[in-house]
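# Descriptive analysis of the structure
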Amino acid sequence: MVCMLSLNSQVLDQPIVAIDTETSGAYPLNAEICEVAAVKYYKGKEIDRYQSLVRIGHAMPKEIEDIHGISDAMLKDAPAMSEIAQPLFAFIQDAVLIGHHIQFDMGFLAIEFEKYCKQLPENIVLCTSLLSRALFSESPNHKLQTLVDFLRLDKGTAHRAMDDAIACLQLFLRCLERVPEDATLKELEETQDLHIEWSQFSLNHFLDDRVGSDLVALIRQQQTCFINYKSPNNKKDNYREIMPKGLVLNPQKGFVPALCLKDMKDKRFYIERIQEVKLTNPYES
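## Notes on the overall build of the protein
Tallying secondary structure elements over the protein gives ten helices and ten strands in all. A compact globule built from 285 residues would reach a C-alpha radius of gyration of about 19 Å, and the protein, at 20 Å, matches this within 12%. In terms of its C-alpha atoms, the protein occupies a principal-axis envelope of roughly 65 × 45 × 40 Å. Taking all 285 residues of the protein together, the buried fraction comes to 52%. The long-range fraction of contacts in the protein, counting pairs at least 24 apart against all pairs at least 6 apart in sequence, stands at 64%.

Listed below in structure tokens is the structure:
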């Protein structure tokens with residue numbers, strides 16, 4: 001099967017891969033993928049599946065295990081990400097990639113693809129969360145399981161990767177019922193009102209910047225730091241002590257989720273406003 005990806009093609013003329021990941025936490029760098037699944041659809045039928053648990057390098061937090069049911073015992077003999085990155089890359093390459101809030105999945109996967117495949121895939125990317133907001137505004141909300149119930153889709157086990165990937169594909173096909181039969185991928189991208197591509201999630205690109213490389217090192221070390229947090233046109237220093245909890249890169253505003261040690265509240269610190277990173281309090285220097 002050889003298909004040339006084109007935004008001008010009609011939606012169902014190209015292979016579609018619905019993907020989902022389960023993770024050990026909410027944020028990349030501070031958590032890892034523990035399960036991934038993908039379903040491939042082409043010319044009106046499902047043609048292939050990919051699924052794997054993934055061994056992680058730390059204990060699964062109890063509160064996260066309670067969500068997806070994936071335990072340390074289940075992952076003990078699972079392959080490492082280094083073993084599955086290449087097969088997964090090959091499975092999704094040259095397809096239209098869809099997911100429910102797919103920015104979450106891409107944030108985790110981009111790190112692994114850059115590390116183990118030395119490149120990012122080339123996909124046209126669509127998000128069923130964004131599409132459903134535009135096309136099913138009457139739904140009570142646009143969480144995947146709410147939409148499964150609202151549209152009476154087949155139920156599987158929520159928060160397990162394969163069942164969520166299948167539900168995402170079913171939801172996408174229902175979305176297509178609300179657009180013209182000859183709709184192009186470009187028109188669907190316009191419907192979701194967001195252009196999504198892998199380069200927007202590139203950790204390597206983020207590391208090219210001094211602030212980015214410092215932040216990534218501190219996140220991985222789980223170390224507190226001081227950030228000079230201000231708008232570019234504000235000349236006054238504004239240092240805040242934080243405990244970073246991960247890194248979220250996305251097509252909109254990337255941010256560092258962190259505990260602000262001044263008021264002991266979890267906050268988002270937007271990357272574009274972080275001007276400098278220091279280990280010690282600059283006001284005491």
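Read on for the rest.
## Things to note about the pattern of salt bridges
Under the defined criterion, the tally for this structure stands at 13 salt bridges. The shortest N-O distance in the salt bridge between K186 and E190 comes to 3.9 Å. In this pair, K186 and E190 both sit in helix 8 (residues 185-192), four residues apart, roughly one turn of the helix. You can call K186 partly exposed: its relative accessible area is 38%. Here D237 makes a salt bridge to K230, at a shortest N to O gap of 3.4 Å.

## Considerations on the state of the cysteines
In the structure shown here, the tally under the stated rule is zero disulfides. With no disulfide of its own, C34 has C168 as its nearest cysteine by sulfur position, at a separation of 18 Å. Free of any disulfide, C117 has its nearest neighbouring cysteine sulfur in C34, separated by 19 Å.

## So, the nonpolar core
Formed by 32 residues in total, the largest nonpolar core has its most connected members in I16, I98, L126, F172 and L188. Of all the secondary structure elements, the ones that give two or more residues to this core are strand 1 (16-23), strand 2 (33-42), strand 4 (96-99), strand 5 (124-127), helix 5 (128-135), helix 6 (144-150), helix 7 (161-176) and helix 8. In terms of residues, this core owes the most to one element, helix 7, which gives ten residues. Once you skip the residues sitting within four places of it in the chain, I16 turns out to touch V11, V39, K40, Y41, V96, I98, L169 and F172. Within the second largest apolar cluster, 31 residues are counted, among which are A31, V36, I102 and I196.

## Digging into the environment of P257
Mapping P257 onto the fold places it in strand 8 (residues 255-260). Residues in contact with P257, not counting those within four places in the same chain, are Y27, M243, P244, K245, G246, L247, V248 and K267.

## Observations concerning the packing of helix 5 against helix 8
Between helix 5 and helix 8, the shortest axis-to-axis distance is 8 Å and the interhelical angle comes to 75°. By the angle between their directions, the pair helix 5 and helix 8 is classed as roughly perpendicular. Residue-level contacts link L130, L131, A134 and L135 of helix 5 to L188, T191 and Q192 of helix 8.

## Observations regarding the packing of aromatic side chains
The full count for this structure, using the stated rule, is seven aromatic pairs. For the pair F255 and Y270, a centre-to-centre distance of 6.2 Å together with 70° between the ring planes defines the contact as edge-to-face. Remark: Y270 occurs in strand 9 (residues 265-270) and F255 occurs in strand 8; sequence separation between them is 15 residues. Among the aromatic residues, those joined into a cluster by ring pairs are F89, F113 and W198.

The rules behind these values
Residues numbered from 1 in each chain as written. Predicted model: local features only at pLDDT ≥ 70, side-chain atom pairs only at ≥ 80, totals over all residues. Heavy atoms only, no water. Helix = DSSP H or I, 4+ residues; strand = E, 2+ residues; numbered from the N terminus. Rg over C-alpha atoms; globule rule 2.2 N^0.38 Å. Buried < 20%, exposed > 50% of the residue type's maximum accessible area, 1.4 Å probe, protein only. Contact = heavy atoms within 4.5 Å. Salt bridge = Lys/Arg side-chain N within 4 Å of Asp/Glu carboxyl O. Disulfide = S-S within 2.5 Å. Core = buried A, V, L, I, M, F, W, Y, C linked by side-chain atoms within 4.5 Å. Axes fitted to C-alpha atoms, helices over the stretch in contact; angles between N-to-C directions. Parallel < 35°, antiparallel > 145°, perpendicular 65-115°, else oblique. Phe/Tyr/Trp six-rings, centres within 6.5 Å; stacked < 30°, edge-to-face > 60°.

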